[in-house]
Amino acid sequence: MLVENLLEVEKRIQEACKRANRNRDEVTLIAVSKTKPVSMLQEVYDEGIRCFGENKVQELTDKYDQLPNDIEWHMIGHLQRNKVKYIVDKVALIHSVDSVRLAETIEQEAAKRDVIANILIEVNVAEEDSKFGLKVDEVLPMIEEISKFPHIRIQGLMTIAPYVENPEENRSIFASLQKLSVDIAEKNIDNVSVKVLSMGMTNDYEVAIEEGATMVRVGTGIFGERNYNV
Ligand SMILES: *Cc1c(COP(=O)(O)O)cnc(C)c1O
């Protein structure tokens, strides 16, 4: 089942790239494996997937210990400051930074381990549902502050769009995040790249790719529905 799912997702990514006149290699597929057992991650790994997304620190570090070390781990969920120390040297990218206080902790923990932490700034473009993420007009001032931290590299922006029946309803959200990244790029802030746009999930990743996503976070489309009651 996982193999067929992966083939289907891959096919749709390629078609969306084609519609948008983009190269397939501009888009990274992150397999969102939260709640799923290590055996399923291994199966997806064996099909060639190397980027996995988790939203809980404990679950990420457990899986990190059990799976091959060429996996790129992505922290995509809300991150508490007291847990930064467990993942700062294990993850390739933290997608969910939405405060200077969190960035300060990441800076401290990265400095201790002498690593550079790659992060995205989480933007709540839709300004609904989610408690997390910055408002659009808060993003630039925060990036200017965080850019001064020597052990942090801002690589781009992330957003979580609301669940909608018709993914077209989220197109304007993705377009807004893309536009914001262009506005920030034009400021040429030292130490800041906005090349990464992490947007699009199972329900709307094709629209996100058409609007410029460079990372799509697909869980259900690869692993099937999650069951939180077990
Ligand atoms: C769970 C999750 C996803 C994947 O959602 P699906 O709809 O299952 O693809 C993507 N991004 C974030 C931040 C998530 O928490």
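Residues numbered from 1 in each chain as written. Predicted model: local features only at pLDDT ≥ 70, side-chain atom pairs only at ≥ 80, totals over all residues. Heavy atoms only, no water.

S.K.: Give a detailed account of the overall build of the protein chain, specifying residues and quantitative values.
M.R.: Broken down by element type, the protein chain carries 9 helices and 8 strands. The C-alpha atoms of the protein chain give 17 Å as radius of gyration, which agrees with the globular expectation for 230 residues (17 Å, within 12%). By principal-axis analysis of the C-alpha atoms, the protein chain measures approximately 45 × 40 × 35 Å. By residue count, 49% of the 230 residues in the protein chain fall in the buried class. Summarising the internal contacts of the protein chain: among those between residues at least 6 apart in sequence, 59% fall at separations of at least 24. Taken as a whole, the protein chain presents about 11400 Å² of accessible surface, with 45% of it coming from carbon and sulfur. Side chains of the protein chain carry 28 positive and 40 negative charges; the gap between the two charge centres is 3 Å. (Helix = DSSP H or I, 4+ residues; strand = E, 2+ residues; numbered from the N terminus. Rg over C-alpha atoms; globule rule 2.2 N^0.38 Å. Buried < 20%, exposed > 50% of the residue type's maximum accessible area, 1.4 Å probe, protein only. Contact = heavy atoms within 4.5 Å. Areas by Shrake-Rupley, 256 points an atom, 1.4 Å probe, with all protein chains shown as cover. Lys, Arg positive; Asp, Glu negative; His and termini not counted. Charge placed at Lys NZ, Arg CZ, Asp CG, Glu CD.)

S.K.: Quick one: what's the story with the side chain of Thr159, residue by residue and with numbers?
M.R.: Position of Thr159 relative to the elements: it lies in the loop between strand E6 (152-158) and helix H7 (171-185). When its relative accessible area of 0% is taken as the criterion, Thr159 is described as buried. Among all residues touching Thr159, those that are not within four sequence positions of it are Val123, Asn124, Val125, Ile173, Phe174, Leu177, Ser198, Met199 and Arg217.

S.K.: How would you sum up the packing of aromatic side chains? Please name residues and give values.
M.R.: By the definition in use, this model includes 1 aromatic pair. Taking 5.9 Å as the distance between ring centres and 35 degrees as the angle between the ring planes, the aromatic pair formed by Phe52 and Trp73 counts as tilted. Highlighted residues: Phe52 in strand E2 (residues 51-54) and Trp73 in strand E3 (residues 72-75), separated in sequence by 21 residues. Residues Phe52 and Trp73 agree in their burial class; the two are buried. Residue placement shows Arg50 over the ring face of Tyr45; its charged tip is 3.5 Å from the ring centre. Seen from the ring of Tyr64, Lys90 lies directly overhead, with NZ or CZ sitting 5.5 Å from the centre. (Phe/Tyr/Trp six-rings, centres within 6.5 Å; stacked < 30°, edge-to-face > 60°. Lys NZ or Arg CZ within 6 Å of the ring centre and 35° of its normal.)

S.K.: Go over the site of the ligand with me, naming the residues and quoting the values.
M.R.: The environment of the ligand is formed by Val32, Lys34, Ile76, Ile160, Met201, Thr202, Arg217, Val218, Gly219, Thr220 and Arg226. Arg217 places a side-chain nitrogen or oxygen 2.8 Å from a nitrogen atom of the ligand. Taking 390 Å² as the accessible area of the ligand by itself, protein coverage stands at 89%. When its residues are assigned to classes, the shell around the ligand shows 5 nonpolar, 3 polar and 3 charged. (Near = heavy atom within 4 Å. Polar contact = N/O pair within 3.5 Å; in protein donor to acceptor, adjacent residues only side chain to side chain. Nonpolar A, V, L, I, M, F, W, Y, C, P; charged D, E, K, R; others polar.)

S.K.: Give a description of H7 that names residues and reports values.
M.R.: If you check H7, its first and last C-alpha atoms are 21 Å apart, about what 15 residues at 1.5 Å a residue would give, namely 21 Å. Within the span of H7, buried status applies to Ile173, Phe174, Leu177, Leu180, Ser181 and Ile184. Looking down the long axis of H7, one finds its buried residues gathered within 120 degrees of arc, a one-sided arrangement. Looking at the buried positions of H7, the neighbouring elements they touch are helix H6 (136-146), E6, strand E7 (192-198) and helix H8 (205-210). (Expected span 1.5 Å × (residues − 1). Arc of directions from axis to C-beta.)

S.K.: Could you give an account of the pairing of E3, with specific residues and numbers?
M.R.: Note: E2 against E3, 4 bridges, orientation parallel. Bridging from a neighbouring strand, Glu54 pairs with Met75 of E3. (Pairing = 2+ DSSP bridges.)

S.K.: So, the pattern of salt bridges: which residues are in play, and what are the values?
M.R.: When their charged atoms lie close together, side chains carrying opposite charge are able to pair. Under the counting rule described, the total for this entry stands at 16 salt bridges. A salt bridge links Glu8 to Arg12; the nearest nitrogen and oxygen atoms lie 2.8 Å apart. You can see Glu8 and its partner Arg12 sitting in helix H1 (residues 2-19), 4 residues apart, about one turn around the helix. Looking at Glu8, the relative accessible area reads 32%, which means it is partly exposed. Glu109 serves as the salt-bridge partner of Arg113, at 2.9 Å between the closest nitrogen and oxygen. Of the two residues, Arg113 and Glu109 both sit in helix H5 (residues 100-113), 4 residues apart, roughly one turn of that helix. Taking the relative accessible area as the measure of exposure, Arg113 reaches 28% and is therefore partly exposed. The network of salt bridges with shared partners includes Arg19, Glu168, Arg171, Glu210 and Glu211. (Salt bridge = Lys/Arg side-chain N within 4 Å of Asp/Glu carboxyl O.)

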